[in-house]
Amino acid sequence: MAADHGIRPGPGSRPPAVVRALSFIRDSRRDRFEDVALEVFAFQFGHNPPYRRLCERRGLRDPDLDTWELIPFVPAAAFQSALLTSWSPERGSATTEPERVFLTSGTSRGQEGRGRHALPELALYRAAWEEPFRRHLLPDRERILMLSLIPGEDVLPQSSLSYMVSRILERFSAPGSRVLLDRQGLDAASFERSLAEVVERREAVLLLGTGLGMLAALDSLENGGRRFRLPEGSRILDTGGFKGRAREVRREDLLARYAELLGIPRTHVVGEYGMTELSSQFYEPTLREHVEGTPTGEPRIYVAPPWARTRVLDPETLRPLPPGATGLLAHMDLANAWTVSAVLTEDIGFLHHEGFVLEGRARAAELRGCSLATEELLRD
Amino acid sequence: VTDRRAGITRLRNVAPALRSLSDDELLTGLDRALDLWRAPGGYAERAARDLALHRGQSETMLRFGLDRLLAAHSLVALTSWLADARAEAGRIRALRHAQSPPPEFDRFRGPLVVAQVLAGNVAALAVPAGIEALLARSAVLLKPAEGDPSTPAFFKESLDRAAPALGEAVAVERWKGGDTAVEAEVFGAVDFVMASGDRSTLDSLSRRIEGSRSFRGPRVSIGMVGMDWMHAPAEWWGEVAREIALWDQEGCLSPRILFVAGDPERFARNLAPALAAWHARWPARRRTAQEASSVHAFRAPYEMAKPAHGGCIVPEDLAWTVVWDQAPSLILGPPARVVRVTLRPSPREFEALLASGRESLQAVGLDHLGPADLDWRRGVDRVGIPRIVPLTRIQDPPAGWWADGKSGLAELLAAGDPLE
């Protein structure tokens, strides 16, 4: 993380494309996604040399495109090998350090293979997280008691998720909210005690956790023979899934356990989809639709904020696939204006109505037959 | 379960007769069976058709690979394979039983019943694996790979027709790899287990099979090309590309990195169209989402590299990716139609590099080496790679070649009791 001093881009020194993206995030009625996306891309093409080289090697030499759908996507893994910033501070600046560098967890490729998302300033990130969270988690109230099973930024300063959780707690939490997971792991006793308290006080609570963290919490309740029926209005935000982990659980099974052990119905479980390489988050609209009385009964989808779009691409050819066809998810996130907005993920899913359904992850599979991972070849 | 058990019992019952077959009966029987593969409309044709449907690979490519395999297993080649393996088995036994005089070489026999667990990355591994066991006079249970379900059955059928005494000594048993109950039963009932496959398969098997086993894989192959490549004719580029394209680059002999003298970018720019030409003749199978994703991830740093450092050549159909760089290392792309061309370092550095990956290298293909390249060639020799051959023949190994640096047939011959 950078020191908190020096010259960084600010309101007076942002390039027009970033200003426009920020303005669009703050009020998406004032502009058109297509137009902002094309301006942001032209800016990134001009100021992000590695990205420009990628575009040029893919045959794109002129950033003046007819549609955002022609913008080349960068594989998320590219954040491991290059500093993908579109910020080029002028000579003589007091600092060229970004305001924050978020690191990927590196679970599948080890610590040295962690991707870096270096943000010169956090203005876009700050603008992007708040409204979607409020819209999907708090459609019925201003604040809520929160119990977080995700460590805050004091524990994991390089985690974008922890950064967001800290901001959520600052902005939307009711008194008594706290984080129950630290470097030592889950404080199971404190978790149970906290749940008992909210039941006793009849105060609705929002539990925040990763899929894996929530699973550990449910296991601890089950092992201790404890079940709760949390007060009406209680809800869960779960995120992160089980990427690269040995243990994977079907979403349906997790939802069933939330209902069984915590008394939280599936209408009140909101999945969040995000990644370090993006600045925006995607949410399941389950709670919002329930509160608004418009449940669709459709599969659980993730919807994008107005400044992001998702495409599903044929894994082999990278050509776009029609709704319903399964492929690799690629996101165009205008909140990434400072870095690269078009990011190709290793996630598999399909487009469905206003969002996408997440089916799994195209993890770098073990190589077939007589083949070998790099690490093996280079081992001592 | 009962059928499987009965099948292994049947193998055990026919094993004594197999042990007493003469060399002539054994070798001509195998040769007659392989003739049924080579014949027009024979098993090679059927296998290629069947594999193409099952794997989504080019039938023409599969047929080419099978024809090569069969050509390598001529009667003369089988005879040499057996003779060489006996000599090696003699050495192994001499080391293990230094106090007792070795038996006559032609009395070496493998264990009564052998299980061959087959990998599926290269087609028709059942043929050399089955022959290997039968040359040891071991009855053999073949466990097909998921990606190659039919060639083990074709192999047995060809023996049943051409050499029934050998056909009786072969059984094909299918089960889902990793089914611990079935595998405990099978591996407990046979005398020796040979397995080839990926890391997770072999790790899993090694936890459950102690002693009396021999595993192969995973390994990779590379090439090293001297400065004269700049004058190479178009045919040479085609031959190099063919060796890369065969088996859709999934074999352990498929070149994955080429260390070249001179300009790697220029080399890559010559190689890419040659690979595209082979893709037109042998359309590769569709990659899985995982494989495709790995390729996109591997390409990215090359797509973003400064021109002086490296680059990436991807044709419009995205079939093959050729990346090039100036930073020699053993960093591999995924085995999904990705070739890395890199600068050949100094002889000393190259030798050190190979030595660091020796346990994982299957073959080094060499080409266009002149007198000035002698130091590099000596370095390759010193490292001790199992197979060092011309790059344009790297995927054409002889019968009984020492995959992973060992003779499977010799291991079997050394593991069994000699004929009284």
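The preceding data block contains the structure.
For every chain, the first residue of its written sequence is number 1, and the numbers climb from 1 along that sequence. As a convention, the first chain written is A and the first ligand written is 1, with the rest following in written order. Side-chain atom pairs in this predicted model are given and counted only at pLDDT of 80 or more, local residue features only at pLDDT of at least 70, and totals for whole chains, interfaces and linings cover all residues. Each side-chain value is worked out from all heavy atoms of the structure, with water and hydrogens disregarded.

Novice: Tell me what's going on with the overall build of chain B, and back it up with residues and numbers.
Specialist: In DSSP terms, a helix is any run of H or I states spanning at least four residues, a strand is any run of E spanning at least two, and both are numbered starting from the N terminus. Regarding its fold elements, chain B presents 16 helices and 12 strands. For chain B, whose C-alpha radius of gyration is 22 Å, the value lies close to the compact-globule estimate of 22 Å for 420 residues. Burial analysis of chain B (420 residues in total) assigns 60% to the buried set. Taking all contacts inside chain B whose residues are at least 6 apart in sequence as the whole, residues at least 24 apart take part in 75%. Surface accessibility of chain B: about 16,200 Å² in total, with carbon and sulfur atoms responsible for 53%. His residues and chain termini do not enter the charge count, which takes Lys and Arg as positive and Asp and Glu as negative. For charged residues, the charge sits on one atom: NZ in Lys, CZ in Arg, CG in Asp, CD in Glu. A gap of 2 Å separates the mean positions of the 51 positive and 53 negative side-chain charges of chain B. Both definitions apply: the radius of gyration is a C-alpha atom measure, and the globule rule equals 2.2 Å times residues to the power 0.38. Only protein chains enter the calculation, and the probe is 1.4 Å; a residue is then buried if its accessible area is under 20% of its type maximum, exposed if over 50%, and partly exposed in between. In what follows, a contact means two residues having at least one pair of non-hydrogen atoms within 4.5 Å. Areas reported here follow the Shrake-Rupley algorithm with a probe of radius 1.4 Å; residue values treat only the protein chains shown as occluding.

Novice: Hey, could you go over the interface of chain A and chain B for me, with residue numbers and the actual values?
Specialist: Every contact between the two is made by 38 residues of chain A and, on the other side, 43 residues of chain B. Throughout, the accessible surface (probe 1.4 Å) given up by two parts as they are put together, summed over both, is called the buried area. A combined buried area of about 3,500 Å² lies between chain A and chain B, and 56% of that area is made up of carbon and sulfur atoms. Take a side-chain nitrogen of Lys or Arg and a carboxyl oxygen of Asp or Glu: if they are within 4 Å of each other, that pair is a salt bridge. Where chain A meets chain B, there are four salt bridges. Across the salt bridge formed by Arg337(B) and Glu316(A), the nearest N and O atoms sit 2.8 Å from each other. For the purposes of these results, a polar contact is taken to be a pair of N or O atoms within 3.5 Å, where, inside protein, one atom must be able to donate a hydrogen and its partner to accept one; residues adjacent in sequence count only when each atom of the pair is a side-chain atom. Along the contact surface separating chain A from chain B lie 12 residue pairs in polar contact (both at pLDDT 80 or more). Those elements giving two or more residues to the side of chain A that touches chain B turn out to be helix H3 (49-57), strand E15 (342-352) and helix H10 (374-377) of chain A.

Novice: Can you tell me about unusual backbone geometry, naming the residues and giving the values?
Specialist: Put simply, Gly217(B) and Pro218(B) share a cis peptide bond, and its omega is -10 degrees. Tracing the backbone through its elements, the reader meets Pro218(B) in the loop between strand E5 (213-216) and strand E6 (220-225). With a phi close to 55 degrees, Arg202(A) is a non-glycine residue in the positive phi region. Examined against the element boundaries, Arg202(A) turns out to sit in the loop between helix H6 (188-201) and strand E8 (205-210). Here the phi dihedral of His368(B) falls at roughly 50 degrees; this positive angle occurs in a residue that is not glycine. Within the secondary structure, His368(B) sits in the loop between strand E11 (361-367) and helix H15 (374-383).

Novice: Run through the packing of aromatic side chains, naming residues and quoting values.
Specialist: Pairing of aromatic rings covers Phe, Tyr and Trp, the last through its six-membered ring, and needs centres within 6.5 Å; plane angles under 30 degrees mean stacked, over 60 mean edge-to-face, and all others mean tilted. Tallying each qualifying case throughout the model produces 28 aromatic pairs over all chains. Relative to Phe350(B), the ring of Phe259(B) lies with its centre 5.1 Å away and its plane at 65 degrees, an arrangement referred to as edge-to-face. Here Phe259(B) is found in strand E7 (residues 255-260), whereas its partner Phe350(B) is found in helix H14 (residues 347-356), with 91 residues between them in sequence. Both residues of the pair, Phe259(B) and Phe350(B), belong to the buried class. Among the aromatic residues, ring-to-ring pairing joins Tyr273(A), Phe282(A), Tyr302(A) and Phe356(A) into one connected group. Geometry around Phe33(A) places Arg309(A) over its ring, the cationic atom sitting 4.0 Å from the centre. We count a charge as sitting over a ring when the NZ of a lysine or the CZ of an arginine lies within 6 Å of the ring centre and within 35 degrees of the ring normal. One residue, Arg311(A), lies across the ring of Trp68(A), its end atom 5.6 Å from the ring centre.

Novice: Please give an account of the nonpolar core that cites residues and values.
Specialist: Looking at soluble globular proteins, one finds that nonpolar side chains tend to be buried together. Among buried residues, those of type Ala, Val, Leu, Ile, Met, Phe, Trp, Tyr and Cys that are joined through side-chain atoms within 4.5 Å constitute a nonpolar core. One finds Trp37(B), Leu134(B), Phe267(B) and Leu271(B) to be the most contacted residues of the largest nonpolar core, which totals 107 residues. Filtering out sequence-adjacent residues up to four positions away, Leu134(B) remains in contact with Leu18(B), Leu26(B), Leu30(B), Phe155(B), Leu159(B), Leu166(B), Ala169(B) and Val170(B).

Novice: How would you sum up the sheet that holds strand E4 (residues 192-196) of chain B? Please name residues and give values.
Specialist: Sheets are built from strands paired through backbone hydrogen bonds, the pairs being either parallel or antiparallel. Residues and elements named next belong to chain B. Read across the open sheet, the five strands follow the order E3-E2-E1-E4-E5; overall the sheet is parallel. Because the sheet does not close on itself, it has two edges, and the strands there are strand E3 (170-172) and E5. Here the strands of the sheet are splayed against their neighbours by 15 degrees on average, with no regard to which way each runs. The rule for pairing is simple: two strands pair if DSSP sees at least two bridges between them. Pairing analysis gives three bridges linking strand E2 (residues 139-143) to E3, with the strands arranged parallel. Note on E3: the bridge partner recorded for Val 140 is Val 170. Taken strand by strand, helix H7 (residues 151-162) contacts E2 and E3, and its axis lies near 150 degrees from that of E3. For helices, the fitted axis covers only the stretch in contact; all axes are lines through C-alpha atoms, and the angles between them, taken along N-to-C directions, range from 0 to 180 degrees.

Novice: So what about the pattern of salt bridges? Which residues, and what values?
Specialist: For the coordinates displayed, the defined rule picks out 59 salt bridges over all chains. Asp35(B) is the partner of Arg38(B) in a salt bridge, and the nearest nitrogen-oxygen pair spans 2.9 Å. Placement of the pair is Arg38(B) and Asp35(B) together in helix H2 (residues 23-38), with a separation of three residues, close to one helical turn. Look at Arg38(B) and you get partly exposed, because its relative accessible area is 29%. On the accessibility criterion, Asp35(B) (40% relative accessible area) is partly exposed. A salt bridge links Glu250(B) to Arg285(B); the shortest N-O distance between them is 2.6 Å. Of this pair, Glu250(B) sits in the loop between helix H11 (234-245) and E7 while Arg285(B) sits in the loop between helix H12 (264-281) and helix H13 (289-304), and the two are 35 residues apart along the sequence. Judged by its relative accessible area of 5%, Glu250(B) falls in the buried class. Among the residues examined, Arg285(B) registers a relative accessible area of 10% and is labelled buried. Here the residues in one salt-bridge network are Arg100(A), Glu153(A), Arg167(A) and Glu170(A), joined through shared partners.

Novice: Give me the lowdown on the pairing of strand E4 (residues 145-148) of chain A, citing residues and values where you can.
Specialist: Residues and elements named next belong to chain A. Where burial is concerned, the two faces of E4 agree: the one with Leu 145 and Leu 147 and the one with Met 146 and Ser 148 are both buried. Note that E4 and E8 share four bridges and pair parallel. Following the sheet pairing, Leu 147 is matched in E8 by Leu 207. The pairing of E4 with strand E5 (residues 178-179) spans two bridges and is parallel. When the sheet's bridge partners are listed, Leu 147 is paired in E5 with Arg 178.

Novice: Run through the packing of helix H3 (residues 43-55) of chain B against H7(B), naming residues and quoting values.
Specialist: Helix packing for two helices is described by the angle between their axes and how far apart those axes are. Residues and elements named next belong to chain B. Running from N to C, H3 and H7 point in directions that differ by 165 degrees, and their axes come no closer than 10 Å. Taken together, the axes of H3 and H7 are roughly antiparallel relative to one another. With respect to the hand of their crossing, H3 and H7 are arranged in right-handed fashion. Contacts from Tyr 43, Arg 46, Ala 47, Asp 50 and Leu 51 in H3 reach Thr 151, Phe 154, Glu 157, Ser 158 and Arg 161 in H7. Under this scheme an angle from 65 to 115 degrees is roughly perpendicular, one under 35 degrees roughly parallel, and one over 145 degrees roughly antiparallel; angles in between are oblique. Take the far helix as the reference: if the near one is turned anticlockwise from it by less than a right angle, the crossing is left-handed, and if turned clockwise, right-handed.

Novice: Requested: an account of the sheet that holds strand E12 (residues 387-390) of chain B, with residues and values cited.
Specialist: All names here are of chain B. The seven strands lie next to each other as E8-E9-E10-E7-E6-E11-E12, forming an open sheet whose pairing is mixed. In this open sheet, the two edge strands, each paired with only one partner strand, are strand E8 (310-313) and E12. Strand-to-strand twist of the sheet, defined as the mean angle between neighbouring strand axes without regard to direction, takes the value 20 degrees. Bridge count between E8 and strand E9 (residues 321-325): four bridges; the pairing is antiparallel. Bridging across to E9, Gly 310 finds its partner in Asp 325.

Novice: So what about the packing of H2(B) against H7(B)? Which residues, and what values?
Specialist: All names here are of chain B. Where H2 meets H7, the axes come as close as 8 Å, and the angle between the chain directions of the two elements is 120 degrees. In terms of orientation, H2 and H7 fall into the oblique class. In this structure, the crossing between H2 and H7 has a hand that is right-handed. Facing Leu 30, Arg 32, Ala 33, Leu 36 and Trp 37 of H2, the residues of H7 in contact are Thr 151, Phe 154, Phe 155, Ser 158, Leu 159, Arg 161 and Ala 162. Under this grouping Gly is polar, as are all residues other than the nonpolar Ala, Val, Leu, Ile, Met, Phe, Trp, Tyr, Cys and Pro and the charged Asp, Glu, Lys and Arg. Split by residue class, the contact of H2 with H7 holds eight nonpolar, two polar and two charged.

Novice: Can you explain helix H1 (residues 16-26) of chain A? Please cite residues and give values.
Specialist: Residue and element names in this part refer to chain A. When we look at burial in H1, the residues that qualify are Ala 17, Val 18, Ala 21, Leu 22, Phe 24 and Ile 25. Seen from one end, H1 has its buried residues packed into an arc of 160 degrees, which puts them on one side. Of the exposed residues in H1, those oriented more than 90 degrees away from the buried face are Pro 16 and Arg 26. The secondary structure elements touched by the buried residues of H1 are helix H2 (33-47) and helix H4 (123-137). What the arc covers is the set of directions going from the helix axis to the C-beta atoms.

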